[in-house]
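Residue-level listing of the chains:
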Amino acid sequence: MSKEKQKIHPEYSEAYRLASEFWENPLVHKYWREPLKLIKAMGWEAIPYDYEEIRELSKEAYSTYRKYKFYIPYNINNHCGRITFGLHHETGHIVGGHPIRCGEILYKSCENSEKKYIEREATIIGRNIYLPAPIIDNLIKSFGSKDTIIYLQYA
């Protein structure tokens, strides 16, 4: 890989730092393949809901902070891969401190660029927690070329 491609985009360097620091937690080493178990081990609460019954909530998932605790409500009507992505992404929001730091801006940002940045940062953090680069590199080496598409989901 060229040095140019290895550079971390400075705009998101904080996301990579936060994900790396989070990886220092032994619970992450134990549960990185099982988002619901990691969420529980961290003392956060994942709350499944049926979007068909509660249409006021997101069609995906979201994270919130109430009474000194993080919550991740997620829609059980989505397919397994989408639920997995939602849990990864919302973990990224929590590790990034977004529910505390940004509050309602996550949902109602007047400035689209700020919301876009926060959403990208959450995805980068979540992706680097649950699928860190060494794991992806190992999968590519084990299962094929760099052109191989590898889908991971949790049952």
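For the structure, check the block above.
The rules behind these values
- Residues numbered from 1 in each chain as written.
- Predicted model: local features only at pLDDT ≥ 70, side-chain atom pairs only at ≥ 80, totals over all residues.
- Heavy atoms only, no water.
- Helix = DSSP H or I, 4+ residues; strand = E, 2+ residues; numbered from the N terminus.
- Buried < 20%, exposed > 50% of the residue type's maximum accessible area, 1.4 Å probe, protein only.
- Arc of directions from axis to C-beta.
- Core = buried A, V, L, I, M, F, W, Y, C linked by side-chain atoms within 4.5 Å.

## Concerning unusual backbone geometry
Here's step 1: If you check the backbone angles, Lys67 has positive phi at about 50° while not being a glycine.
Here's step 2: Along the polypeptide, Lys67 turns up in the loop between strand 2 (64-66) and strand 3 (69-75).
Here's step 3: The class of Lys67 is exposed, set by a relative accessible area of 79%.
Here's step 4: Here the phi dihedral of Tyr68 falls at roughly 65°; this positive angle occurs in a residue that is not glycine.
Here's step 5: Mapped onto the elements, Tyr68 comes out in the loop between strand 2 and strand 3.

## Thoughts on helix 2 (residues 13-22)
Here's step 1: Among all positions in helix 2, only Ala15, Leu18, Ala19 and Phe22 are buried. Viewed end-on, helix 2 has its buried residues packed into an arc of 95°, placing them on one side of the element.

## What about the nonpolar core?
Here's step 1: With 24 residues, the main nonpolar core has Phe22, Val28, Leu38, Trp44, Val95, Ile125 and Ile129 as its most contacted residues.
Here's step 2: Only helix 2, helix 3 (26-31), helix 4 (35-41), strand 3, helix 5 (80-95) and helix 8 (112-130) provide two or more residues apiece to this core.

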